[in-house]
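Next come the chains, spelled out residue by residue.
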Amino acid sequence: MTLSQALALVQRRIDAAQRRKIFLACGFQPLHLVTLIQGHFAERFPNQAAEIPTGTYGDIEGTLATASRCEAEAAAVVIEWSDLDPRLGLRSAGGWAISGQADILKTCHERFARLLGGLRALVTRMPVALVPPTLPLQFLGHTASWQSSSNELELQNQLARFLAEAALITGVSVLRPSSLARLSPEASRLDALMELRAGFPYTIAHASAVASQVVKLLFPPTPMKGLITDLDETFWSGIVGEAGVRGVSWSLADHTQIHGLYQQMLGHLSEMGVLLAMASKNEFAVVEQALRRDDLLVPGKSFFPVIANWGPKSHSIAEILRTWNIGAECVVFVDDSAMEIDEVRIAFPAMTCLQFSAKQPAKTLELFEKMRDLFGKPAIHPEDALRQASIRANAAVQPAAGNSLDGEFVRGLQGRLTFDCRKDPANKRLLELINKTNQFNLNGVRLSDGEWLKLLQDQNSLVAGVSYQDKFGPLGTIGVLAGRHVGGHFELTSWVLSCRAFSRKIEHHMLDYLFNHLHVAAVRLAFRPTDRNQPLQQHLDSLGLDGDANAEMLLGREQFQNHLEDLDRKSV
């Protein structure tokens, strides 16, 4: 993004109704970096605008303290070498004499420790995007430019330890240097003239690259939920129906290692809690036998469902989506055939379709990087390990629940709910549920880390995570209630329930908790219809509320109790 493009975007958002404040903490003059962050933010959020307060030039520690007192939604902390010791920058006359380099290393070590303290204080107020030094380290050592000096390596070692500790702080997201390097080569980052004249060290191109990564770190896209893979020439090399179960391969010895790498990637995604399924044009019995091979690099049981037939791939994928009960926009499809990809893309325009290129390993490695971006998440939760098993259990529950004419089936599940109202900023599972759930979602409103943190800090707020388990096993945390006490009623602003928990009447118990455990007279629901929350709308209709109204609605205690009594009578 050029500076003029950023300015045009910012100008068009000057009257935006929603303005979000992002504090920029850096030791240099921020100048164009402010405008470019605003531009990339406006590009990402077309109806919003970003305000960017900044701190004091040359005082990164003081600026972190100022940020902690600022009412901002998020903070970008951009560190350069001169912030650690002015002698490492161009504007200092202190020098980098060999005799003083040990003192520089000592100063940097102490500064890193204080910066960690500043980050820990700041992250209690807002999420932080941390950008480590991006400019070349100009002078530190006595070697030629092509040889690393011991002092330079020691400073890099200090930086690595600092970043590793910072990454362990909940709420701090550290920029990956290699990601920035793809956008901005190191040789084109420094604008020495601007640094010496104005204290702004970046070229416009580099400042734009940094700004784009800051926006991604602070407002990451919602991760995809599931991946559907083809088998022949994708999951393995060869056509299993022709070569036989032992004729397909994925090893270095067979020159088919790229398929083995793909299997390892799928195993990695499975451990992250990504749903995996297979859609193949094959005989099911042959596929089933092949998936029992003990040399697979990802166990065959990691995939559910596995659909193999001779019909169109789009029909198999439709069945998988019904089993998972999630939308096509949350799913990635991988196949080696461009024709199959086109057929699926036409049937599911919202689905992300990626082509596997076994004969072009470089392209396949690019595919892996794309998959990492699509499925990457800041943290892995215990529920992620339960997701595949719970989908299998839900596949068994749904038909039985659909055929049940009374409440006997639900009672037979022996279900147990747990409500956890601790306001723990480190528990990111609740925010993830709010931002990923579509079908049973009160309004589809996504919350940023900063907005969530402010809700947790509100003394009048309630945030409840809802966990569930029954005779089929635990589902983990599958629901969230969030809102504020206002007088004698409760303003429910977020209400979500995972699709994995449908058909168990959990939504009734969640409302019952609000009435009987919080002792409120009424619950005001901040409802808004979306193109995906029909299950929530149907539930509101059953409560006697108008599920088509785009407005808040009020549910009284007596109305809800009458509804429960009606359910009890119908189940008798």
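Up top you'll find the structure we're talking about.
The rules behind these values
Residue positions are given per chain, counting from 1 as you read along its sequence in written order. Given that the model is predicted, a residue must reach a pLDDT of at least 70 before its local features are reported, and side-chain atom pairs must reach 80 or more before they are shown or counted; all residues, however, enter totals for whole chains, interfaces and linings. Heavy atoms from the whole structure form the basis of all side-chain values; hydrogens and water molecules are not counted. Labels follow the DSSP assignment, with helices taken as runs of H or I lasting at least four residues and strands as runs of E lasting at least two, numbered in each case from the N terminus. For a compact globule the rule gives 2.2 Å times the number of residues to the power 0.38, and the radius of gyration it is set against comes from C-alpha atoms. Remark: exposure states derive from per-residue accessible area (1.4 Å probe, protein chains only) relative to the maximum for the residue type, with buried under 20%, exposed over 50%, and partly exposed in between. In what follows, a contact means two residues having at least one pair of non-hydrogen atoms within 4.5 Å. Each accessible area is a Shrake-Rupley estimate made with a 1.4 Å probe; only the visible protein chains count as cover when residues are assessed. In this tally, Asp and Glu contribute negative charge and Lys and Arg positive charge; neither His nor the terminal groups of the chain are included. To locate a charge, the coordinates of NZ of Lys, CZ of Arg, CG of Asp or CD of Glu are taken. Between any two strands, at least two bridges found by DSSP are needed for them to pair. Convention adopted: a line fitted to C-alpha atoms gives each axis, helices being fitted over their contacting stretch, and angles between N-to-C directions are expressed from 0 to 180 degrees. For this analysis, a ring pair means two rings from Phe, Tyr or Trp (six-membered ring only for Trp) whose centres lie within 6.5 Å, classed as stacked if their planes differ by under 30 degrees, edge-to-face if by over 60, and tilted for the remaining angles. For a lysine, the NZ atom is tested; for an arginine, the CZ atom; a charge sits over a ring if that atom is within 6 Å of the ring centre and within 35 degrees of the ring normal. What we call a nonpolar core is a set of buried Ala, Val, Leu, Ile, Met, Phe, Trp, Tyr and Cys residues that are connected through their side-chain atoms within 4.5 Å.

Enquirer: Describe the overall build of the protein, naming the residues involved and giving the relevant values.
Expert: Across its full length, the protein holds 22 helices and 16 strands. For 572 residues, the compact-globule formula gives about 25 Å, and the C-alpha radius of gyration of the protein, at 27 Å, lands near that figure. Every one of the 572 residues in the protein was classed for burial, and the buried ones make up 51%. Across the protein, contacts joining residues at least 24 apart in sequence account for 73% of those joining residues at least 6 apart. Carbon and sulfur atoms form 53% of the exposed surface of the protein, whose accessible area is close to 26000 Å². Of the charged side chains in the protein, 56 are positive and 61 negative, and the gap between their average positions amounts to 2 Å.

Enquirer: Please give an account of the environment of S498 that cites residues and values.
Expert: Within the element layout of this structure, S498 appears in the loop between β14 (489-497) and α20 (506-518). C-alpha of S498 to C-alpha of A42: the two residues are 456 residues apart in sequence and 31 Å apart in space. Ignoring anything within four residues of it in the chain, the contact list for S498 reads L433 and I478.

Enquirer: Outline the sheet that holds strand β5 (residues 172-174), supporting the account with residue identities and numerical values.
Expert: With respect to topology, 5 strands assemble into an open sheet ordered β2-β1-β3-β4-β5, the strand pairing being parallel. Since the sheet does not close on itself, it has two edges, and those belong to β2 (48-51) and β5, each with one partner. Each neighbouring strand pair of the sheet contributes to a mean axis angle of 25°, computed without reference to strand direction. One ladder, built from 3 bridges, connects strand β4 (residues 128-131) with β5; its direction is parallel. In the strand pairing of β5, A129 is matched with S173.

Enquirer: How would you summarise the packing of aromatic side chains if you had to cite specific residues and measurements?
Expert: The final tally for this structure, using the stated rule, is 15 aromatic pairs. Taking the centre distance of 5.3 Å and the plane angle of 20° together, the rings of F515 and F560 count as stacked. Taken together, the positions of F515 in helix α20 and F560 in helix α22 (residues 557-571) put the pair 45 residues apart, joining distant regions of the chain. For F560, a relative accessible area of 0% puts it in the buried group. Following the ring pairs from residue to residue traces out a cluster consisting of F235, W236, W250 and F303. Seen from the ring of F45, R20 lies directly overhead, with NZ or CZ sitting 5.2 Å from the centre.

Enquirer: Tell me about the nonpolar core, residues and numbers included.
Expert: In terms of nonpolar packing, the biggest core is built from 56 residues, with M351, W495 and L525 touching the most fellow members. The biggest single contributor to this core is α20, with 7 residues. Every residue in contact with W495, bar those within four places of it in the chain, is listed here: F440, N441, L442, V480, L481, E507, M510, L511, L525, L536 and H539. Membership of the second largest hydrophobic core comes to 35 residues, among which are L231, L266, A290 and L354.

Enquirer: I'd like to hear about the sheet that holds β14, residue by residue, with values.
Expert: Pairing is mixed in the open sheet, where 6 strands are placed in the order β11-β12-β13-β14-β15-β16. The two strands at the open ends of the sheet, each matched to only one other strand, are β11 (416-420) and β16 (553-556). Pairwise comparison of adjacent strand axes, ignoring direction, gives a mean angle of 30° for this sheet. Examined bridge by bridge, strand β12 (residues 461-470) and strand β13 (residues 473-486) share 10 bridges and lie antiparallel to one another. Within the sheet, the bridge partner assigned to G465 lies in β13 and is V480. Packed on one face of the sheet, α20 meets β11, β12, β13, β14, β15 (522-525) and β16 and runs near 155° to β14.

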